[in-house]
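One-letter residues, chain by chain:
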Amino acid sequence: AQSVTQLGSHVSVSEGALVLLRCNYSSSVPPYLFWYVQYPNQGLQLLLKYTSAATLVKGINGFEAEFKKSETSFHLTKPSAHMSDAAEYFCAVSDRLTGGGNKLTFGTGTQLKVEL
Amino acid sequence: EAGVTQFPSHSVIEKGQTVTLRCDPISGHDNLYWYRRVMGKEIKFLLHFVKESKQDESGMPNNRFLAERTGGTYSTLKVQPAELEDSGVYFCASSLRGTGINSPLHFGNGTRLTVT
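All values reported here derive from a predicted model rather than from experimental measurement.

### Quick look at the overall build of chain B
Here's step 1: Within chain B one finds zero helices and eleven strands.
Here's step 2: Overall, chain B shows an N-to-C arrangement of helices and strands of β-β-β-β-β-β-β-β-β-β-β.
Here's step 3: Here chain B has a C-alpha radius of gyration of 13 Å; the compact-globule value for 116 residues is 13 Å, and the two agree.
Here's step 4: With respect to the three principal axes, the spread of C-alpha positions in chain B is 40 × 25 × 25 Å.
Here's step 5: In chain B, once contacts between residues fewer than 6 apart in sequence are set aside, the share between residues at least 24 apart is 52%.
Here's step 6: For chain B, the exposed area adds up to about 5700 Å²; of that, 47% sits on carbon and sulfur atoms.
Here's step 7: One way to put it: in chain B the 13 positive side-chain charges average out to a point 3 Å from where the 12 negative ones average out.

Printed below as a string of C-alpha coordinates:
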(Lines give C-alpha, C1' and ligand atoms only; values in the text may rest on other atoms or scores of the structure.)
Protein backbone atom coordinates (compact mmCIF):
# COMPACT_ATOMS: atom_id res chain seq x y z
CA ALA A 1 0.00 0.00 0.00
CA GLN A 2 1.15 3.51 -0.73
CA SER A 3 1.38 6.29 1.80
CA VAL A 4 2.47 9.89 2.05
CA THR A 5 3.89 11.74 5.02
CA GLN A 6 3.97 15.50 5.19
CA LEU A 7 6.26 16.80 7.89
CA GLY A 8 4.88 19.84 9.63
CA SER A 9 1.17 20.55 9.69
CA HIS A 10 1.93 24.29 9.91
CA VAL A 11 4.79 26.21 8.33
CA SER A 12 5.37 29.93 8.71
CA VAL A 13 7.72 31.99 6.54
CA SER A 14 8.41 35.64 5.98
CA GLU A 15 7.47 37.26 2.71
CA GLY A 16 10.41 36.89 0.33
CA ALA A 17 11.86 33.91 2.17
CA LEU A 18 12.32 30.39 0.84
CA VAL A 19 9.34 28.07 1.08
CA LEU A 20 10.10 24.40 1.79
CA LEU A 21 7.27 21.94 2.34
CA ARG A 22 8.30 18.37 2.98
CA CYS A 23 6.78 15.20 1.59
CA ASN A 24 8.00 11.63 1.87
CA TYR A 25 6.30 8.72 0.22
CA SER A 26 6.21 4.99 0.68
CA SER A 27 5.63 2.78 -2.33
CA SER A 28 6.93 -0.52 -3.64
CA VAL A 29 7.56 1.08 -7.04
CA PRO A 30 8.18 4.73 -7.87
CA PRO A 31 4.73 6.26 -7.96
CA TYR A 32 3.30 9.27 -9.65
CA LEU A 33 3.56 12.20 -7.26
CA PHE A 34 1.56 15.39 -7.02
CA TRP A 35 1.31 18.61 -5.09
CA TYR A 36 -2.07 20.27 -4.73
CA VAL A 37 -2.94 23.61 -3.16
CA GLN A 38 -6.19 24.64 -1.52
CA TYR A 39 -6.89 28.33 -1.06
CA PRO A 40 -9.57 29.31 1.47
CA ASN A 41 -13.08 28.32 0.40
CA GLN A 42 -11.85 26.81 -2.83
CA GLY A 43 -11.25 23.34 -4.21
CA LEU A 44 -7.89 21.68 -4.66
CA GLN A 45 -5.78 22.91 -7.54
CA LEU A 46 -2.92 20.96 -9.09
CA LEU A 47 0.44 22.70 -8.59
CA LEU A 48 2.68 20.15 -10.26
CA LYS A 49 3.16 16.45 -10.90
CA TYR A 50 6.03 14.00 -11.26
CA THR A 51 5.74 11.35 -13.95
CA SER A 52 9.40 10.28 -14.30
CA ALA A 53 10.25 12.49 -17.27
CA ALA A 54 12.47 14.70 -15.12
CA THR A 55 13.30 14.64 -11.44
CA LEU A 56 12.96 18.41 -11.06
CA VAL A 57 9.41 19.43 -11.79
CA LYS A 58 8.29 23.00 -12.29
CA GLY A 59 4.74 23.98 -11.52
CA ILE A 60 2.53 26.99 -11.42
CA ASN A 61 3.10 30.14 -9.37
CA GLY A 62 6.86 29.62 -9.21
CA PHE A 63 6.76 26.37 -7.28
CA GLU A 64 8.92 23.37 -8.04
CA ALA A 65 9.59 19.97 -6.53
CA GLU A 66 12.41 17.48 -6.81
CA PHE A 67 11.91 13.74 -6.84
CA LYS A 68 14.66 11.97 -4.88
CA LYS A 69 14.32 8.23 -5.08
CA SER A 70 17.11 7.55 -2.60
CA GLU A 71 15.34 9.65 0.00
CA THR A 72 11.78 8.75 -1.10
CA SER A 73 11.06 12.45 -1.02
CA PHE A 74 9.22 14.99 -3.13
CA HIS A 75 9.67 18.28 -1.32
CA LEU A 76 8.01 21.44 -2.61
CA THR A 77 9.97 24.68 -2.81
CA LYS A 78 9.60 28.27 -3.90
CA PRO A 79 12.54 30.67 -3.76
CA SER A 80 10.59 33.69 -2.56
CA ALA A 81 7.29 33.51 -0.69
CA HIS A 82 4.46 35.88 -1.52
CA MET A 83 1.50 36.73 0.65
CA SER A 84 -0.76 35.10 -1.93
CA ASP A 85 0.95 31.74 -1.30
CA ALA A 86 -0.79 31.39 2.04
CA ALA A 87 -2.88 28.24 1.65
CA GLU A 88 -2.94 24.55 2.53
CA TYR A 89 -0.71 22.27 0.48
CA PHE A 90 -1.22 18.56 -0.07
CA CYS A 91 1.20 15.97 -1.36
CA ALA A 92 -0.36 12.94 -3.06
CA VAL A 93 0.60 9.73 -4.82
CA SER A 94 -1.07 7.44 -7.30
CA ASP A 95 -0.19 3.93 -8.33
CA ARG A 96 1.94 3.75 -11.46
CA LEU A 97 1.10 0.06 -11.86
CA THR A 98 -2.58 0.84 -12.38
CA GLY A 99 -1.82 3.46 -14.96
CA GLY A 100 -1.52 6.47 -12.73
CA GLY A 101 -5.21 6.87 -12.27
CA ASN A 102 -6.87 9.51 -10.23
CA LYS A 103 -7.33 7.37 -7.15
CA LEU A 104 -4.97 9.46 -5.06
CA THR A 105 -3.53 8.90 -1.62
CA PHE A 106 -3.05 12.24 0.10
CA GLY A 107 -0.93 13.44 2.96
CA THR A 108 -2.46 15.27 5.91
CA GLY A 109 -1.65 18.69 4.47
CA THR A 110 0.60 21.58 5.44
CA GLN A 111 -0.84 24.99 6.20
CA LEU A 112 1.51 27.68 4.93
CA LYS A 113 1.43 31.07 6.58
CA VAL A 114 3.29 34.00 5.04
CA GLU A 115 4.11 36.92 7.29
CA LEU A 116 5.19 40.44 6.47
CA GLU B 1 -15.79 26.08 -19.11
CA ALA B 2 -17.74 25.69 -15.88
CA GLY B 3 -15.89 23.89 -13.13
CA VAL B 4 -17.02 21.13 -10.81
CA THR B 5 -19.95 22.36 -8.76
CA GLN B 6 -21.01 21.01 -5.40
CA PHE B 7 -24.21 21.63 -3.44
CA PRO B 8 -24.67 22.61 -0.70
CA SER B 9 -21.49 24.31 0.36
CA HIS B 10 -22.35 23.73 4.02
CA SER B 11 -24.76 21.41 5.77
CA VAL B 12 -25.47 21.06 9.47
CA ILE B 13 -27.63 18.13 10.50
CA GLU B 14 -28.38 16.18 13.64
CA LYS B 15 -27.19 12.68 14.27
CA GLY B 16 -29.60 10.20 12.75
CA GLN B 17 -30.80 12.50 9.99
CA THR B 18 -30.24 12.04 6.28
CA VAL B 19 -28.20 14.31 4.06
CA THR B 20 -27.70 14.26 0.30
CA LEU B 21 -24.74 15.94 -1.32
CA ARG B 22 -24.71 16.73 -5.00
CA CYS B 23 -21.91 17.09 -7.50
CA ASP B 24 -22.06 18.38 -11.06
CA PRO B 25 -18.87 17.47 -12.91
CA ILE B 26 -17.36 19.31 -15.82
CA SER B 27 -19.41 18.63 -18.93
CA GLY B 28 -18.00 15.71 -20.88
CA HIS B 29 -16.06 14.26 -17.97
CA ASP B 30 -17.01 10.62 -17.71
CA ASN B 31 -14.96 10.06 -14.57
CA LEU B 32 -16.28 11.33 -11.28
CA TYR B 33 -14.69 10.86 -7.86
CA TRP B 34 -15.72 11.47 -4.29
CA TYR B 35 -13.14 12.19 -1.62
CA ARG B 36 -13.57 13.09 2.03
CA ARG B 37 -11.49 14.92 4.57
CA VAL B 38 -12.31 14.34 8.20
CA MET B 39 -11.15 17.20 10.43
CA GLY B 40 -7.38 17.47 10.57
CA LYS B 41 -6.76 14.25 8.72
CA GLU B 42 -5.83 13.31 5.20
CA ILE B 43 -8.15 13.51 2.22
CA LYS B 44 -9.37 10.00 1.51
CA PHE B 45 -10.74 8.43 -1.64
CA LEU B 46 -14.33 7.23 -1.40
CA LEU B 47 -15.30 6.05 -4.86
CA HIS B 48 -14.96 6.44 -8.60
CA PHE B 49 -17.66 6.46 -11.27
CA VAL B 50 -17.13 5.93 -14.94
CA LYS B 51 -20.27 7.34 -16.48
CA GLU B 52 -23.05 5.78 -14.40
CA SER B 53 -21.07 2.74 -13.26
CA LYS B 54 -19.15 2.41 -10.02
CA GLN B 55 -15.61 1.59 -11.04
CA ASP B 56 -14.15 1.47 -7.55
CA GLU B 57 -15.99 1.93 -4.29
CA SER B 58 -13.30 0.55 -2.03
CA GLY B 59 -13.12 3.73 0.02
CA MET B 60 -16.75 3.90 1.08
CA PRO B 61 -16.72 3.70 4.89
CA ASN B 62 -19.89 1.65 5.41
CA ASN B 63 -23.36 0.97 4.10
CA ARG B 64 -24.74 4.22 5.48
CA PHE B 65 -23.20 5.87 2.44
CA LEU B 66 -24.88 5.55 -0.95
CA ALA B 67 -23.54 7.15 -4.10
CA GLU B 68 -25.40 7.34 -7.37
CA ARG B 69 -24.80 8.79 -10.77
CA THR B 70 -27.95 8.28 -12.77
CA GLY B 71 -27.53 8.98 -16.46
CA GLY B 72 -23.83 9.51 -16.05
CA THR B 73 -24.15 13.21 -15.37
CA TYR B 74 -24.41 14.59 -11.85
CA SER B 75 -23.80 12.45 -8.80
CA THR B 76 -25.31 12.33 -5.33
CA LEU B 77 -23.85 11.03 -2.12
CA LYS B 78 -26.39 10.21 0.57
CA VAL B 79 -25.57 9.57 4.18
CA GLN B 80 -28.34 7.79 6.09
CA PRO B 81 -28.41 7.87 9.04
CA ALA B 82 -25.64 10.37 9.70
CA GLU B 83 -23.26 9.80 12.60
CA LEU B 84 -20.95 12.26 14.35
CA GLU B 85 -17.86 10.76 12.70
CA ASP B 86 -19.27 11.59 9.26
CA SER B 87 -18.47 15.27 9.80
CA GLY B 88 -15.90 16.60 7.39
CA VAL B 89 -15.46 18.09 3.96
CA TYR B 90 -16.67 16.05 1.01
CA PHE B 91 -14.93 16.79 -2.26
CA CYS B 92 -16.06 15.84 -5.70
CA ALA B 93 -13.68 15.76 -8.64
CA SER B 94 -13.94 14.88 -12.29
CA SER B 95 -11.56 14.00 -15.10
CA LEU B 96 -11.79 13.30 -18.77
CA ARG B 97 -10.13 9.90 -18.41
CA GLY B 98 -9.79 7.69 -15.38
CA THR B 99 -6.27 6.57 -16.00
CA GLY B 100 -3.23 8.14 -17.47
CA ILE B 101 -1.20 10.84 -15.93
CA ASN B 102 -2.33 13.45 -18.41
CA SER B 103 -5.96 13.51 -17.37
CA PRO B 104 -5.85 15.60 -14.23
CA LEU B 105 -8.50 15.86 -11.56
CA HIS B 106 -10.62 18.99 -11.33
CA PHE B 107 -11.95 19.47 -7.82
CA GLY B 108 -15.07 21.20 -6.61
CA ASN B 109 -15.03 23.52 -3.61
CA GLY B 110 -16.36 20.81 -1.34
CA THR B 111 -19.35 20.41 0.97
CA ARG B 112 -18.65 20.94 4.64
CA LEU B 113 -20.86 18.53 6.60
CA THR B 114 -21.33 18.97 10.30
CA VAL B 115 -23.23 16.33 12.24
CA THR B 116 -24.28 17.42 15.75
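### Here we look at the layout of surface pockets
Here's step 1: A volume near 560 Å³ is recorded for the largest pocket.
Here's step 2: Contributing to the lining of the largest pocket are 26 residues, with A:Gln38, A:Asn41, B:Val89, B:Asn109 and B:Arg112 lying nearest its centre.
Here's step 3: The set of elements that each furnish at least two residues to the lining of the largest pocket consists of strand 9 (87-94) and strand 11 (110-115) of chain A together with strand 1 (5-7), strand 9 (88-95) and strand 11 (111-115) of chain B.
Here's step 4: For the lining of the largest pocket, the element with the highest residue contribution is strand 9 of chain B, accounting for three residues.
Here's step 5: Residues of the lining of the largest pocket, tallied by class, amount to ten nonpolar, 13 polar and three charged.

### Some remarks on the interface of chain B and chain A
Here's step 1: In this complex, chain B contributes 23 residues to the contact, which on the side of chain A involves 23 residues.
Here's step 2: At the boundary of chain B and chain A, one finds two salt bridges.
Here's step 3: A salt bridge links A:Lys103 to B:Asp56, with the nearest nitrogen and oxygen atoms 3.0 Å apart.
Here's step 4: Between the two partners, chain B and chain A, sit nine residue pairs in polar contact (both at pLDDT 80 or more).
Here's step 5: Within the residue set of the side of chain B that touches chain A, elements represented by two or more residues are strand 4 (31-37), strand 5 (43-50) and strand 9 of chain B.
Here's step 6: A per-element tally of the side of chain B that touches chain A places strand 4 of chain B first, with three residues.
Here's step 7: Tallied by class, the residues present in the side of chain B that touches chain A amount to nine nonpolar, nine polar and five charged.

### Here we look at the nonpolar core
The tendency in soluble globular proteins is for nonpolar side chains to be buried side by side.
Here's step 1: Ranked by internal contacts, the top residues of the largest apolar core, which has 27 residues, are A:Trp35, A:Leu48, A:Phe74, A:Leu76 and A:Tyr89.
Here's step 2: Elements with a minimum of two residues in this core: strand 2 (10-14), strand 3 (19-26), strand 4 (32-38), strand 5 (44-50), strand 7 (64-68), strand 8 (73-78), strand 9 and strand 11 of chain A.
Here's step 3: Non-local contacts of A:Phe74, meaning those with residues more than four positions away in its chain, are made with A:Cys23, A:Leu33, A:Phe34, A:Trp35, A:Leu48, A:Tyr50, A:Val57, A:Ala65, A:Glu66 and A:Phe67.
Here's step 4: In terms of nonpolar packing, the next biggest core, distinct from the first, is built from 21 residues, B:Ile26, B:Leu47, B:Val79 and B:Ala82 among them.

### Side note on the packing of aromatic side chains
Here's step 1: Throughout the structure, instances matching the rule amount to 14 aromatic pairs over all chains.
Here's step 2: Arranged with centres 4.2 Å apart and planes meeting at 15 degrees, the rings of A:Tyr50 and A:Phe67 form a pair that is stacked. Taken together, the positions of A:Tyr50 in strand 5 and A:Phe67 in strand 7 put the pair 17 residues apart, joining distant regions of the chain.
Here's step 3: Ring-pair connections join several aromatic residues into one group, and the members of that group are A:Phe34, A:Tyr36, A:Phe90, A:Phe106, B:Tyr35, B:Phe45, B:Phe91 and B:Phe107.
Here's step 4: Residue placement shows B:Arg22 over the ring face of B:Tyr74; its charged tip is 3.8 Å from the ring centre.

Reading the values: the criteria
Residues numbered from 1 in each chain as written. Chains lettered and ligands numbered in written order. Predicted model: local features only at pLDDT ≥ 70, side-chain atom pairs only at ≥ 80, totals over all residues. Heavy atoms only, no water. Helix = DSSP H or I, 4+ residues; strand = E, 2+ residues; numbered from the N terminus. Rg over C-alpha atoms; globule rule 2.2 N^0.38 Å. Contact = heavy atoms within 4.5 Å. Areas by Shrake-Rupley, 256 points an atom, 1.4 Å probe, with all protein chains shown as cover. Lys, Arg positive; Asp, Glu negative; His and termini not counted. Charge placed at Lys NZ, Arg CZ, Asp CG, Glu CD. 1 Å grid on protein atoms, 1.4 Å probe; cavity = no way out; pocket = protein on both sides within 12 Å on 5 of 7 lines; lining within 4 Å. Points joined across faces, edges and corners; volume = space filled by probe spheres on them. Nonpolar A, V, L, I, M, F, W, Y, C, P; charged D, E, K, R; others polar. Salt bridge = Lys/Arg side-chain N within 4 Å of Asp/Glu carboxyl O. Polar contact = N/O pair within 3.5 Å; in protein donor to acceptor, adjacent residues only side chain to side chain. Core = buried A, V, L, I, M, F, W, Y, C linked by side-chain atoms within 4.5 Å. Buried < 20%, exposed > 50% of the residue type's maximum accessible area, 1.4 Å probe, protein only. Phe/Tyr/Trp six-rings, centres within 6.5 Å; stacked < 30°, edge-to-face > 60°. Lys NZ or Arg CZ within 6 Å of the ring centre and 35° of its normal.

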